[in-house]
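# Overview (structure and organization)
Next come the chains, spelled out residue by residue.
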Amino acid sequence: MTIRSRMCRLLIAVIAAGELVGAGSARAQQVPADEPAFTAFVAERIRAEIRDTPVVIKGPLTLSIGPLQANLDRIYAFCKTNTGACSKEIGTYVSGVVATTSNRNDPPTRAALRVVVRSADYMRQALREVDARGPALTRPLAEGLVIVPVLDSPRTIRVFNDKDRAALGLTPDQVFDIAIANLRSSMKPLATAAKAVPSGQFGTLKGDYYQTSRLALIDSWAPLAQAQGGVLIVAAPSADLVLYASEDSGAALDALRTLARNVMAHAPKPLSAALLRWTPKGWQLVR
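What counts, and at which threshold
- Residues numbered from 1 in each chain as written.
- Predicted model: local features only at pLDDT ≥ 70, side-chain atom pairs only at ≥ 80, totals over all residues.
- Heavy atoms only, no water.
- Helix = DSSP H or I, 4+ residues; strand = E, 2+ residues; numbered from the N terminus.
- Buried < 20%, exposed > 50% of the residue type's maximum accessible area, 1.4 Å probe, protein only.
- Contact = heavy atoms within 4.5 Å.
- Areas by Shrake-Rupley, 256 points an atom, 1.4 Å probe, with all protein chains shown as cover.
- Salt bridge = Lys/Arg side-chain N within 4 Å of Asp/Glu carboxyl O.
- Pairing = 2+ DSSP bridges.
- pLDDT = per-residue confidence, 0-100.
- Core = buried A, V, L, I, M, F, W, Y, C linked by side-chain atoms within 4.5 Å.
- Axes fitted to C-alpha atoms, helices over the stretch in contact; angles between N-to-C directions.
- Phe/Tyr/Trp six-rings, centres within 6.5 Å; stacked < 30°, edge-to-face > 60°.
- Expected span 1.5 Å × (residues − 1).
- Polar contact = N/O pair within 3.5 Å; in protein donor to acceptor, adjacent residues only side chain to side chain.

When helices and strands are counted, the protein chain shows 11 helices and 12 strands. Out of the 287 residues belonging to the protein chain, those deemed buried represent 47%. Put simply, 67% of the contacts in the protein chain that link residues at least 6 apart link residues at least 24 apart. When the accessible area of the protein chain is evaluated, it comes to approximately 14,000 Å², of which 55% is carbon and sulfur surface.

Written out as structure tokens, the structure reads:
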């Protein structure tokens, strides 16, 4: 196959990215476009659901909800570029706030520990939102990305913090060991979830909140890399989606970057457009 025809196939995959993101919902509820009005709109939605917790506007795109601080920067940015899905996403955000406030005092358990992947920039911002429960724990995954322990429950997922760690009597290393072991045992094996793809095509892992968490299970990717001739390039453009390829030519990398950026632009929870190469010792950033 010529480079030109291979590039055409890759670009077709990029154009099809809308299938990964999903079409916008039907006509959206009218949501204010300017920051102060948007902030007040979301605050009222939260107050309607949480009547026993004060919701205070601290500034544009910033709320305090009891002892917690909520920053609306991400959801506002999503609404600016995805007006058709804005109202639905606000509803999802409000539901998450309700769940978080209702279980924030639940005692932590070892069985509930998992890990998620987040950008280092996101975690620096998130540290402004934690309450008196203590700072979150993080561990580097690759340049610009970290893994973060969380507590999984039927109602919501919340970040595991230092107070939780002290309550369970664990060291930071033990927290990560338990969280990664729990993740591994709770997920479908990667060997059955991801199949090798030929040159000019992309594979996807999607639809599960913990799909990107698979990146923390470094050894589990070895059979897929071997099946692809030793080449495995991945991107995690949103919290529930991993894209992967078996080709590392310039054309293939450019197409995968374009696809990842396109997905990020339409994702309510964008993660990273970085491309990562699998190695037995961990993920390496592809520059």
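Tallying each qualifying case throughout the model produces 9 salt bridges. Between Arg 139 and Asp 173 there is a salt bridge, with the nearest N and O atoms lying 3.1 Å from each other. Residue Arg 139 is located in strand β5 (residues 139-142), and its partner Asp 173 is located in helix α8 (residues 172-186); the two are separated by 34 residues in the primary sequence. In this structure, the salt-bridge partner of Arg 184 is Asp 219, at a minimum N-O distance of 3.1 Å. Of this pair, Arg 184 sits in helix α8 while Asp 219 sits in the loop between β8 (203-206) and α10 (222-227), placing them 35 residues apart in sequence.

A separate point is the pairing of strand β1 (residues 55-59). Note that β1 and strand β2 (residues 62-65) share 4 bridges and pair antiparallel. Bridging across to β2, Val 56 finds its partner in Ser 64. Linking β1 to β2, which pair antiparallel, is a turn of 2 residues; within it Leu 61 sits at a positive phi near 65 degrees.

So, on to the confidence of the model for the protein chain. For the protein chain, mean pLDDT is 85; residues scoring 70 or higher make up 85% of the total. Ranking the elements of the protein chain by mean pLDDT puts helix α1 (residues 3-15) last, at 47, and strand β11 (residues 275-279) first, at 98. Segment residues 1-5 is flagged for pLDDT under 50; beyond a separation of four residues in sequence, or across chains, it makes 2 contacts in the model.

Here we take up the nonpolar core. Core analysis: the largest hydrophobic core is formed by 48 residues, its most contacted members being Trp 221, Leu 232, Val 234 and Trp 283. Not counting chain neighbours up to four residues away, the residues in contact with Trp 221 comprise Leu 190, Leu 205, Arg 214, Leu 215, Leu 232, Val 234, Val 242, Trp 278 and Trp 283. Counting residues in each nonpolar core, the second largest holds 22 residues, with Ile 65, Tyr 76, Val 94 and Val 97 among its members.

Its location among the elements puts Thr 62 in strand β2. Sequence-distant contacts of Thr 62, that is, excluding residues within four places in its chain, are made with Thr 39, Val 56, Ile 57, Gln 69, Ala 70 and Asn 71.

Before going further, it helps to spend a moment on the sheet that holds strand β10 (residues 241-245). On the basis of which strands lie adjacent, the open sheet formed by 5 strands has the order β8-β10-β9-β11-β12 and antiparallel pairing. Taken across any chain shown, the strands that pair with only one partner, and hence form the sheet edges, are β8 and β12 (282-286). Shown here is a sheet whose adjacent strand axes are inclined to one another by a mean of 30 degrees, direction ignored. Here β11 runs beside β12; their pairing, made up of 5 bridges, is antiparallel. If you follow Leu 275 over to β12, its bridge partner there is Val 286. In the packing of helix α11 (residues 250-266) onto the sheet, contacts are made with β9 (233-238), β10, β11 and β12, and the angle to β9 comes to roughly 15 degrees.

Glancing now at the sheet that holds strand β3 (residues 68-71). Within the open sheet, the 3 strands sit side by side as β1-β2-β3. Their pairing is antiparallel. With partners counted over all chains shown, the strands left at the sheet margins are β1 and β3, one partner each. Each strand axis lies, on average, 30 degrees off the axis of its neighbour in the sheet, ignoring direction. Where β2 lies against β3, 4 bridges are found, and the strand directions are antiparallel. For Ile 65, the partnering residue across the bridge sits in β3 and is Leu 68.

All right, on to the packing of aromatic side chains then. Using the criterion set out here, one finds 3 aromatic pairs in the structure. Ring geometry for Tyr 209 and Tyr 210: centres 5.3 Å apart, planes at 85 degrees, overall edge-to-face. Given a relative accessible area of 9%, Tyr 210 falls into the buried group.

Further remarks concern helix α3 (residues 35-49). For α3, built from 15 residues, the straight-helix expectation of 21 Å at 1.5 Å per residue is met to within 8% by its first-to-last C-alpha distance of 22 Å. All buried positions along α3 are accounted for by Phe 38, Thr 39, Phe 41, Val 42, Ala 43 and Ile 46. The residue sitting at the N-terminus of α3 and contributing the capping side-chain oxygen is Asp 34; that oxygen lies 3.2 Å from the backbone nitrogen of Ala 37.

The next subject is α11. For α11, built from 17 residues, the straight-helix expectation of 24 Å at 1.5 Å per residue is met to within 8% by its first-to-last C-alpha distance of 25 Å. Burial in α11 covers these residues: Ala 251, Ala 252, Leu 253, Ala 255, Leu 256, Arg 257, Leu 259, Ala 260 and Val 263.

The subject of this paragraph is unusual backbone geometry. Unlike most non-glycine residues, Leu 61 shows phi in positive territory, near 65 degrees. Looking at the element boundaries, Leu 61 is found in the loop between β1 and β2.

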